[in-house]
Amino acid sequence: MEGEIGFLGMGIMGKAMAMNLLRHGFKVTVWNRTLSRCDELVEHGASVGETPAAVVKKCKYTIGMLSDPAAALSVVFDKDGVLEQICSGKGYIDMSTVDAETSSKISEAITSKGGHFLEAPVSGSKKPAEDGQLVILAAGEKVLYEEALPAFDVMGKKSFFLGNVGNGAKMKLVVNMIMGSMMNAFSEGLVLADKSGLSSQTLLDVLELAAIANPMFKMKGPSMIQNNYTPAFPLKHQQKDMRLALALGDENAVSMPVAAAANEAFKKARNLSLGDLDFSAVHQTVKGGEH
Ligand SMILES: NC(=O)C1=CN([C@@H]2O[C@H](COP(=O)(O)OP(=O)(O)OC[C@H]3O[C@@H](n4cnc5c(N)ncnc54)[C@H](OP(=O)(O)O)[C@@H]3O)[C@@H](O)[C@H]2O)C=CC1
Ligand SMILES: O=CC(=O)O
């Protein structure tokens, strides 16, 4: 990737991903709605753009990592947004988790200005982002995908090219729908073991050796049994993903009672003001009592 890479959105993920690019020698210009969140990046050599449009003007390639469909649309379409400066020879890569419709809207707007577009949501959380171990689920313009590979290879352990715009978004929603349902089953299991007089730690040890062993249980289990929900993947974003996945199920007449129940639990957790904690805080809704 020649020249400087633009990066919009210095949240948990964007910050870790941009930092990783800097560490690997890329020149990066960052922007965040709350400007102070760029400070740490600047200390590590990043430049700051005043607006998304200013970043796109400066950079041949710009990446977006925003919270949800409204945020992803806002940085593109609003005043001083990406659309004001995108043009032929420039590429925009949206790595936020959004629905296919949002991604298509952005794609159409970018390409109608002669720009190139790729959606590239990621699987993997704060730690994989810091370690360059994300799984990248790209779709859109193949040429832009190939041009972006040097950056993807730094940010991720594996990149998939899934075809037309929308397929990356859908794949990400399917994966996170499964993850959200699993987190609920796991939380119920932890509480059931505890209330039945079993050791939660022994349950984790058993699970690790069982056919259902997986990195998520291993990573989240120990902090969950200590009621530690420091956010890596904010619960409000997991609930957004359940909501968008359920809408995809609706569109395709796929009955998903397990995901629907999991979504209700995440909604309840949001209602209990747990939305900014890690998504594993859904555990608290099963446990009940004080939060
Ligand atoms: N955390 C994780 O483990 C993972 C998250 N994802 C997805 O990545 C995306 C980012 O997640 P994450 O970094 O955790 O989220 P954060 O909540 O930490 O960051 C969200 C970012 O979006 C920005 N933002 C929100 N609303 C607007 C808006 N209206 N206009 C402009 N910017 C806005 C925030 O800016 P400000 O600082 O000003 O609020 C911030 O930079 C989400 O789509 C999430 O689902 C995907 C994989 C893993
Ligand atoms: O979207 C979250 C993740 O862990 O992947």
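Chains are numbered independently. Their residues run from 1 in the order of the written sequence. Labels follow written order: the first chain is A, the first ligand is 1, and so on. Reporting in this predicted model follows two pLDDT cut-offs: at least 70 for local features of residues, and 80 or more for side-chain atom pairs to be given and counted; totals over whole chains, interfaces and linings ignore these cut-offs and use all residues. Note that water and hydrogens are dropped before the side-chain values are worked out from all heavy atoms of the structure.

Chemist: Before we move on, can you summarise the side chain of N184 with the specific residues and values?
Modeler: Here N184 is to be found in helix α8 (residues 167-195). We call two residues in contact when some of their heavy atoms are within 4.5 Å. Not counting chain neighbours up to four residues away, the residues in contact with N184 comprise A262, A265, F266 and V282. Helix and strand assignments come from DSSP, with helices taken as H or I runs of at least 4 residues and strands as E runs of at least 2, each series counted from the N terminus.

Chemist: Give a detailed account of the site of ligand 1, specifying residues and quantitative values.
Modeler: Neighbouring ligand 1 are 27 residues, the closest being N32, T34, R37, S125 and K240. N or O atoms closer than or at 3.5 Å make up a polar contact, with two conditions inside protein: a donor-capable atom paired with an acceptor-capable one, and, for residues adjacent in sequence, both atoms drawn from side chains. Take G11: an N or O atom from its main chain is 3.3 Å from an oxygen atom of ligand 1. The contact in question runs from an oxygen atom of ligand 1 to an N or O atom on the backbone of S67, over 2.9 Å. For ligand 1, the accessible surface in isolation is 900 Å², of which the surrounding protein chains cover 88%. At the level of secondary structure, the elements contributing two or more residues to the shell around ligand 1 comprise α1 (12-23), α4 (69-77) and α11 (235-251). What makes a residue near a molecule or strand is one non-hydrogen atom of that residue sitting within 4 Å of it. Each accessible area value is a Shrake-Rupley result obtained with a 1.4 Å probe; residue values ignore everything except the protein chains displayed when judging cover.

Chemist: Tell me about the site of ligand 2, residues and numbers included.
Modeler: If you check the shell around ligand 2, you find S123, G124, S125, K172, N176, M179 and F233 and nothing else. G124 is positioned such that a nitrogen or oxygen atom in its backbone is 2.8 Å from an oxygen atom of ligand 2. Interatomic distance of 2.8 Å between a side-chain N/O atom of K172 and an oxygen atom of ligand 2. Contact with the protein chains removes 89% of the 200 Å² of surface that ligand 2 exposes when unbound. At three residues, the largest contribution of residues to the shell around ligand 2 is made by α8. Each residue is assigned to one of three groups, with Ala, Val, Leu, Ile, Met, Phe, Trp, Tyr, Cys and Pro labelled nonpolar, Asp, Glu, Lys and Arg labelled charged, and all others, Gly among them, labelled polar. The residue makeup of the shell around ligand 2, split by class, is two nonpolar, four polar and one charged.

Chemist: Got a sec to walk through the UniProt feature "domain: 3-hydroxyisobutyrate dehydrogenase-like NAD-binding" (unreviewed entry) in the protein? Specific residues and values, please.
Modeler: When the UniProt feature table is mapped to this numbering, "domain: 3-hydroxyisobutyrate dehydrogenase-like NAD-binding" (unreviewed entry) covers residues 166-284. Spanning residues 166-284, this segment combines 71% helix with 0% strand, and its end C-alpha atoms are found 34 Å apart. UniProt positions are given in the numbering used here, feature names are shortened, and annotations may be inferred rather than shown by experiment.

Chemist: Could you give me a rundown of the pattern of salt bridges, with the residues and numbers involved?
Modeler: Each salt bridge in this description consists of a side-chain nitrogen of Lys or Arg and a carboxyl oxygen of Asp or Glu lying within 4 Å of one another. Summed over all chains, the structure comprises eleven salt bridges. For E146, the salt bridge is made with K142, and the minimal N-O distance between the two is 3.8 Å. Placement of the pair is E146 and K142 together in helix α7 (residues 142-155), with a separation of four residues, close to one helical turn. Measuring nitrogen to oxygen at the nearest pair gives 2.9 Å for the salt bridge that ties D241 to K240. Note on exposure labels: buried denotes an accessible area under 20% of the residue type's maximum, exposed denotes more than 50%, and partly exposed covers the range between, all computed with a 1.4 Å probe on protein chains only. Accessibility expressed as a relative area gives 0% for D241, which makes it buried.

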